[in-house]
Amino acid sequence: MQVEFHWDQDPDDKYEDVIRELNRIRGQLPADLAGLEVRKASSGLVNIVQVALVSEDADYRELKDLAEELRDSIETVAGVRRSEAWAIPQPEVRIAVDLERMGRAGVTLGQVELALRGENASIPGGSVDVGLRKYNLKTSGSYETLDEIAETVVTSRDGRIVKLRDVAEVGWNTAEVRYTGRFKGERAVFVTANAKDGVDVFAVRNGIYERLDRFERALPDGVRLERGFDQTRNVQHRLGRLGLDSRSPSASCCSRCCRWAYARRSW
């Protein structure tokens with residue numbers, strides 16, 4: 001949803017009003033709401049560069065690590081306000097329970113869940129798959145590796161310890177994909193950057209592209225970097241038109257000033 005205010009209103013005050021109203025009704029919203037985010041529009045938040053890491057085969061965890069590395073590198077460029085990574089599904093632990101193995105071991109799904117909760121497991125947004133049914137797990141604690149999760153003791157029967165690895169497969173997966181990033185039809189994740197106020201957008205862009213050139217040389221096989229959007233191309237075009245307008249013999253002072261104001265707004 002997009003909210004617009006009357007011209008005579010203070011946008012900062014109205015932004016606070018919007019936040020206050022959302023907080024007021026938040027408790028009435030559906031419990032399974034994936035997310036609620038408010039973004040304040042500002043010319044200073046317009047991205048000046050958008051690049052894509054394209055790969056049809058690379059694991060999303062690998063793409064996530066690469067995108068975050070590139071994001072952190074770009075964010076240190078002089079004049080960059082913020083860099084962000086997009087279209088990356090969050091990693092999660094997947095526990096695929098084997099019903100046949102569970103039956104032989106005399107273990108129930110409830111025992112598996114209790115064992116994981118009892119170990120105070122720190123599993124990032126995982127789920128348990130049982131046939132056609134899926135059970136979401138929300139736990140908190142100190143597990144650090146998949147092996148530690150797999151070694152969780154589920155139960156003890158006839159003096160024999162049954163561990164999670166005995167009745168299930170434990171591995172990394174990604175959260176449910178709500179949208180897929182594509183660059184010219186190919187699977188991709190994105191990294192964007194915007195500039196601080198009052199900086200030379202061309203200098204900032206050049207600093208970012210130096211980082212891109214260095215980063216691109218170290219990319220693994222099967223992943224390539226594509227330079228998608230570059231705001232300086234549009235700025236250069238506007239400045240070029242301004243130069244043509246200012247040289248026009250029929251251009252009056254007033255018309256040149258209007259065109260200058262238009263070009264400034266377009267940035």
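In what follows, the structure referred to is the one given above.
Residues numbered from 1 in each chain as written. Predicted model: local features only at pLDDT ≥ 70, side-chain atom pairs only at ≥ 80, totals over all residues. Heavy atoms only, no water.

Counting its regular elements, the protein contains nine helices and 11 strands. Counting the 267 residues in the protein, one finds 33% classified as buried. Surface summary for the protein: the accessible area is close to 17300 Å², and the carbon and sulfur share equals 48%. (Helix = DSSP H or I, 4+ residues; strand = E, 2+ residues; numbered from the N terminus. Buried < 20%, exposed > 50% of the residue type's maximum accessible area, 1.4 Å probe, protein only. Areas by Shrake-Rupley, 256 points an atom, 1.4 Å probe, with all protein chains shown as cover.)

With that settled, the discussion passes to the packing of aromatic side chains. Under the criterion given, the structure shown has zero aromatic pairs. Over the face of the ring belonging to Tyr209 we find Arg205, whose NZ or CZ atom lies 3.8 Å from the ring centre. Between the NZ or CZ atom of Arg227 and the centre of the ring of Tyr209, over which it lies, the distance is 5.7 Å. (Phe/Tyr/Trp six-rings, centres within 6.5 Å; stacked < 30°, edge-to-face > 60°. Lys NZ or Arg CZ within 6 Å of the ring centre and 35° of its normal.)

On the surface, Asp59, Glu62, Asp65 and Glu69 cluster together into a patch of negative charge. Positionally, Asp65 belongs in helix α2 (residues 60-75). (Patch = residues over 30% accessible without salt bridge, like charges linked within 9 Å, V, L, I, M, F, W, Y side chains within 5 Å. Salt bridge = Lys/Arg side-chain N within 4 Å of Asp/Glu carboxyl O. Lys, Arg positive; Asp, Glu negative; His and termini not counted. Charge placed at Lys NZ, Arg CZ, Asp CG, Glu CD.)

Now for the pattern of salt bridges. On inspection of all chains with the given rule, the structure shows 22 salt bridges. Across the salt bridge formed by Lys163 and Glu151, the nearest N and O atoms sit 2.5 Å from each other. With Lys163 in strand β7 (residues 160-163) and Glu151 in the loop between α5 (146-150) and β6 (153-157), this pair connects stretches of sequence that are 12 residues apart. A salt bridge links Arg224 to Glu226; the nearest nitrogen and oxygen atoms lie 2.7 Å apart. Take Arg224: its relative accessible area is 34%, and that puts it in the partly exposed class. Taking the relative accessible area as the measure of exposure, Glu226 reaches 23% and is therefore partly exposed.

A positive phi angle, close to 65°, is found at Ala87, a residue other than glycine. Within the element layout of this structure, Ala87 appears in the loop between β2 (80-86) and β3 (91-97). According to the relative accessible area criterion, Ala87 is buried, its value standing at 6%. At Lys184, a position not held by glycine, the phi torsion is positive, near 50°. Residue placement: Lys184 occurs in the loop between β9 (182-183) and β10 (186-195). For Lys184, a relative accessible area of 76% gives the class exposed.

Inspection of the secondary structure puts Glu69 in helix α2. Between the C-alpha atoms of Glu69 and Phe215, which are 146 residues apart in sequence, the distance is 9.1 Å.

For soluble globular proteins, nonpolar side chains are generally found buried alongside one another. Ranked by size, the top nonpolar core spans 27 residues in total, and within it Leu53, Leu70, Ile74, Ile208, Leu212 and Leu225 carry the most contacts. Broken down by secondary-structure element, the contributors of at least two residues to this core are β1 (47-54), α2, β10 and α7 (201-217). The contact partners of Ile208, leaving out residues within four places of it in the chain, are Ile48, Val49, Ile74, Val77, Val80 and Ala193. Core analysis: the second largest hydrophobic core is formed by 16 residues, Val112, Tyr143, Val167 and Ala168 among them. (Core = buried A, V, L, I, M, F, W, Y, C linked by side-chain atoms within 4.5 Å. Contact = heavy atoms within 4.5 Å.)

Helix length check: α2 (16 residues) gives 22 Å between terminal C-alpha atoms against 22 Å at 1.5 Å per residue, within 8%. Residue Asp59 occupies the N-cap position of α2, its side-chain oxygen lying 2.7 Å from the main-chain nitrogen of Arg61. (Expected span 1.5 Å × (residues − 1). Polar contact = N/O pair within 3.5 Å; in protein donor to acceptor, adjacent residues only side chain to side chain.)

Counted at 1.5 Å a residue, the expected span for α7 with its 17 residues is 24 Å, and the 25 Å between its end C-alpha atoms agrees. Every buried residue of α7 is accounted for by Val201, Val204, Gly207, Ile208, Tyr209, Leu212 and Phe215. Where α7 starts, the residue carrying a side-chain oxygen 2.9 Å from the main-chain nitrogen of Phe202 turns out to be Asp200.

So, on to the environment of Gln2. By secondary structure assignment, the location of Gln2 is in the segment before α1 (11-25). Counting along the chain gives 36 residues from Gln2 to Val38, while the straight-line C-alpha distance between them is 9.8 Å. There is a polar contact of 3.4 Å between the side chain of Gln2 and the side chain of Glu4.

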